[in-house]
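Understanding the architecture of this molecule
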Amino acid sequence: LQKINKGNVILIYFSGHSNKNGNIIIKNISYSVNYFLNLINSNKCDCEVIFIIDTCYGKEFIQKKNKYKFIKKIQYFVSKSENNNSKEFLINFNIDDYKYTKISKYSKIVNGIFTYYFYKILKNKNYNINDLKKIKDSQIWTYVKNNFNQEIFYFSIS
């Protein structure tokens, strides 16, 4: 983590596995929301944090209180479903969608439903991360819920 400057917005995006507590799993190591927030807060610079989490038990990742002196606002965009399962599907590889990655050797790739539609909203509507309310309110989430039992859940705390 580089030095955070005053007024920064820190974006943490994760798509992958989590445990039943919502902690994300990276190389068999579990990371809680507190781990990330403590690390960011330790820089002692005012900032905002945005989490975009596409995992099973994503809603469990959310911390409902902001107990951090230097983090002025925390926003969560997480995938959720009634049974706490995140859904994935196989899609045809499109170089335009993955030009900044090293996965071009595959003809098909597995994508999380939540991540796929989140990205499509950003790309097709020409939104950026400052358009979180527009992303949250997009009608595509009704389609995703009805067809894949996957919803977007948004929570914000100052």
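I will try to describe carefully the structure that is included in this document. (Residues numbered from 1 in each chain as written. Predicted model: local features only at pLDDT ≥ 70, side-chain atom pairs only at ≥ 80, totals over all residues. Heavy atoms only, no water.)

1. A look at the sheet that holds strand 1 (residues 8-15)
In spatial order, the strands read 1-4-5-8; together these 4 strands make up an open sheet with mixed pairing. Edge positions in the open sheet fall to strand 1 and strand 8 (151-157), since each of these has one partner strand only. Each adjacent strand pair in this sheet contributes to an overall mean axis angle of 10°, direction not counted. Direction of pairing for strand 4 (residues 47-54) relative to strand 5 (residues 71-80): parallel, over a ladder of 7 bridges. Directly across from Cys47, in strand 5, lies its bridge partner Ile71. Relative to strand 4, helix 2 (residues 113-125) is tilted by about 125°, and along the sheet it contacts strand 1, strand 4, strand 5 and strand 8. (Pairing = 2+ DSSP bridges. Helix = DSSP H or I, 4+ residues; strand = E, 2+ residues; numbered from the N terminus. Axes fitted to C-alpha atoms, helices over the stretch in contact; angles between N-to-C directions. Contact = heavy atoms within 4.5 Å.)

2. A closer look at the state of the cysteines
Tallied over the entire structure, the rule returns 0 disulfides. Left unpaired, Cys45 is separated from the closest cysteine sulfur, that of Cys47, by 7.9 Å. (Disulfide = S-S within 2.5 Å.)

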